[in-house]
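Now for the letters of each chain:
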Amino acid sequence: MELTLVLVALVVVLALSFDFTNGFHDAANAIATSVSTRALTPRAALIMAASMNIVGALLGTEVAKTIGQGIIDISQYSEAADPSLRLHGLVIILAALIGAITWNLITWWFGLPSSSSHALIGGLVGAGLASATQVQWSGIVEEVVIPMFASPLLGFAVSYLVMKLVLALCANLQYHRTMRHFRIAQTISAGAMALGHGLQDAQKTMGVIVMALMAGGYHGIDTNGELTIPLWVKLAAALAISAGTYSGGWRIMRTLGRKVIELDPAHGFVAETVAASVLYLAAYVFHAPVSTTHTITAGIMGVGATRRLSAVRWGMAGNIAVAWVLTMPAAALVAGLLYLPLHLLIGA
């Protein structure tokens, strides 16, 4: 029992560490466009994003439930009377987290805006496969893979169309005055994007923590068969992602803010507004853990394409796309390789 408690505590600490890396890795998602257009100073943008992350994290639990119940099935461990089986479940979650954190740090170092969400999901799948745990492929396809492709496509297409409409409506307006108005509006759209980031990404950590609590026998589902999220888990995840966001993600901010396309306030406002709308739609309607990184990057490319296709730096966009494709299998591979030595070390 003591070893089980220690492992649960270790998984919670690692999950919150992942949440922190998620924050500084994805800080650029919410504020890169606002900083690059000078709508907000970097420090003001970080304070705003960190605050909105906390609010967003407390606004729902559906994405957390998808992560906690819809990726791998740990019920065979959480419901087992044998302590060694419970340890086994905790080792799986531990390997998944280390795999996700490793890939987050690699892509952060190279300044590539990959998806922390998909790194976590890839880690869970890799550890699940290595441990012969049931992977819920139908749920992954419906709630991860399809949204993984649909959200950036939707973000690109809607951003392109909305930007075309905005350009048509503002065609006869004085440029500099109009940009000043959009610069003010960007403070709202950046806040909406940060709220969506907290709503989506902090919940994923909540789901993993609850998985660990269930595997250790410290939490269960309610009488209706629903996964509940304790208040302390919500608050811990919200504060961790907020602290990570405040610490900044300057490498990735430069990539999104300047290396994909040079943005003006109007283009930045549309990209952020559309991306935030996609995040809310995914969380509240489809309960899908979509990537904030994919969504805002696609939005930026969508508004940029309204100028001309060559305005988007497609070479950089291609590098980002490669990171997208590699994220889930790379995190899965790291988690799968880590599972066996952790399993042997802990003796689960």
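Everything numeric here is computed off the predicted structure, so don't read it as measured data.

1. Quick word on the packing of aromatic side chains
With the rule as written, the count across this model stands at one aromatic pair. Aromatic side chains Phe182 and Phe269 sit 5.7 Å apart centroid to centroid with 50° between the ring planes, which places their arrangement in the tilted category. Of the two residues, Phe182 is situated in helix α8 (residues 175-215) and Phe269 in helix α11 (residues 265-286); the sequence distance between them amounts to 87 residues. Exposure remark for Phe269: the relative accessible area of 23% places this residue in the partly exposed category.

2. Some points on the nonpolar core
Judged by nonpolar contacts, the single largest core of 59 residues is most densely connected at Ile71, Ile72, Ile74, Ile93, Leu97 and Met206. Looking at this core element by element, the count peaks at 12 residues for helix α5 (residues 83-109). Ile93 has contacts with Val11, Ile74, Val208, Met211, Ala212 and Ala215, leaving out every residue within four places of it along the chain. If you look at the next biggest cluster of nonpolar residues, it comprises 19 residues, including Met179, Ala275, Ala276 and Val290.

3. Observations concerning the packing of helix α6 (residues 116-130) against helix α7 (residues 137-169)
Put simply, α6 and α7 touch, their axes get as near as 12 Å, and they point 155° apart. It follows that α6 is roughly antiparallel to α7 by the angle criterion. Between α6 and α7 the crossing geometry is left-handed. Touching His118, Ile121, Val125 and Leu129 of α6 are Trp137, Ile140, Val144 and Met148, all from α7.

4. Considering the pattern of salt bridges
Using the criterion set out here, one finds three salt bridges in the structure. Linking Glu62 and Lys65 is a salt bridge whose minimum nitrogen-to-oxygen distance equals 3.7 Å. Of this pair, Glu62 and Lys65 both sit in helix α3 (residues 62-70), three residues apart, roughly one helical turn. When its relative accessible area of 18% is taken as the criterion, Lys65 is described as buried. We note a salt bridge from Arg307 to Asp264, for which the minimum N-O separation is 3.6 Å. You can see Arg307 sitting in the loop between α12 (292-304) and α13 (314-346) and its partner Asp264 sitting in the loop between α10 (250-259) and α11, a full 43 residues away along the chain.

Cut-offs and rules
Residues numbered from 1 in each chain as written. Predicted model: local features only at pLDDT ≥ 70, side-chain atom pairs only at ≥ 80, totals over all residues. Heavy atoms only, no water. Phe/Tyr/Trp six-rings, centres within 6.5 Å; stacked < 30°, edge-to-face > 60°. Helix = DSSP H or I, 4+ residues; strand = E, 2+ residues; numbered from the N terminus. Buried < 20%, exposed > 50% of the residue type's maximum accessible area, 1.4 Å probe, protein only. Core = buried A, V, L, I, M, F, W, Y, C linked by side-chain atoms within 4.5 Å. Contact = heavy atoms within 4.5 Å. Axes fitted to C-alpha atoms, helices over the stretch in contact; angles between N-to-C directions. Parallel < 35°, antiparallel > 145°, perpendicular 65-115°, else oblique. Left-handed = near helix turned anticlockwise from the far one by under 90°. Salt bridge = Lys/Arg side-chain N within 4 Å of Asp/Glu carboxyl O.

In short, shape yes, function no, at least from these values alone.
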